[in-house]
Amino acid sequence: MSDFAEFTFQGQPGYNEAAAREIIASVIPVRTIAMYCFDPRAAGAAQAVADYFGDEVYPGELLLDETGRKMGSTATVFPLIVGGGRAADALRSITVSQHLFGIERVVVVHHSFCGATSFTAEGITAAWKHEQHTDISSLYDWDGISIADFEKSLNYDVSLIRNSPGTPKHIEIYGLFYDIDSGELTEVVRDVPAEVA
Ligand SMILES: [Zn+2]
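Residues numbered from 1 in each chain as written. Predicted model: local features only at pLDDT ≥ 70, side-chain atom pairs only at ≥ 80, totals over all residues. Heavy atoms only, no water.

1. Re the coordination of the zinc ion
Point 1. Around the zinc ion, the protein contributes the donor atoms Cys37 (SG), His111 (NE2) and Cys114 (SG), at 2.0 to 2.3 Å from the metal centre.
Point 2. Sequence spacing of the donor residues for the zinc ion, all on one chain, is C-x73-H-x2-C. Of this pair, Cys37 sits in the loop between β1 (32-36) and α2 (45-53) while His111 sits in strand β5 (residues 105-111), placing them 74 residues apart in sequence. Take Cys37 and His111: they sit in the same class, and that class is buried. (Donors = N, O, S within 2.8 Å, 3.2 Å for Na, K, Ca; no water. Helix = DSSP H or I, 4+ residues; strand = E, 2+ residues; numbered from the N terminus. Buried < 20%, exposed > 50% of the residue type's maximum accessible area, 1.4 Å probe, protein only.)

Take a look at the structure:
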């Protein structure tokens, strides 16, 4: 164990994996993952998602123990911030979120005038070859790299998440377009399992 073992659950005396999972779930009431772009102009997306559904808490408040240590929070929305808000970057986090917190909803948000709409898969691959002397043509699924059409990108990402074995089958998945200037969200895709609807 390194010098940082005291800061891990696994480094605690009497550590028990199942018990640690229960503790975390009890102090993290998250049920919704809001995935959006790292562009600072899109930073309002998490709050917009919370407002859109109305039954969410964001950003919430931190929960402290008697010694003032940060134990959890009251937020029910966790932001998942990745380039373009594209789902290829998010699949592992969705799996981990279900395991630790138990989630009910994943919301994919793509925003107006995103940098991802400024380039193509062909363009970035050609530039990479020229500038980095490396072939990335088979590294990513081309339909998930950039954005040419928001209806296509949102449908693609909702399907990618839905079809991942690492996505719990019961969750609702939404694809929303976010106007960074008005702050308005427009629902483009709604994938709600029949037993939940
Ligand atoms: Zn963006």
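What follows picks up the thread again.
2. What about the pattern of salt bridges?
Point 1. Using the criterion set out here, one finds ten salt bridges in the structure.
Point 2. Put simply, Asp157 and Arg86 hold a salt bridge, and the shortest N to O gap is 2.9 Å. Placement of the pair is Asp157 in helix α5 (residues 150-162) and Arg86 in the loop between β4 (77-81) and α3 (91-100), with a sequence separation of 71 residues.
Point 3. We classify Asp157 as buried; its relative accessible area is 1%. (Salt bridge = Lys/Arg side-chain N within 4 Å of Asp/Glu carboxyl O.)

3. Side note on the packing of aromatic side chains
Point 1. By the definition in use, this model includes four aromatic pairs.
Point 2. Plain terms: the ring middles of Phe53 and Tyr174 are 4.8 Å apart, the flat faces sit at 70° to each other, and that makes the pair edge-to-face. With Phe53 in helix α2 and Tyr174 in strand β6 (residues 172-178), this residue pair connects regions lying 121 residues apart in the sequence. Each member of the pair Phe53 and Tyr174 is classed as buried.
Point 3. Taken together, the ring pairs connect Tyr52, Phe53 and Tyr174 into an aromatic cluster. (Phe/Tyr/Trp six-rings, centres within 6.5 Å; stacked < 30°, edge-to-face > 60°.)

These figures capture arrangement, not role.
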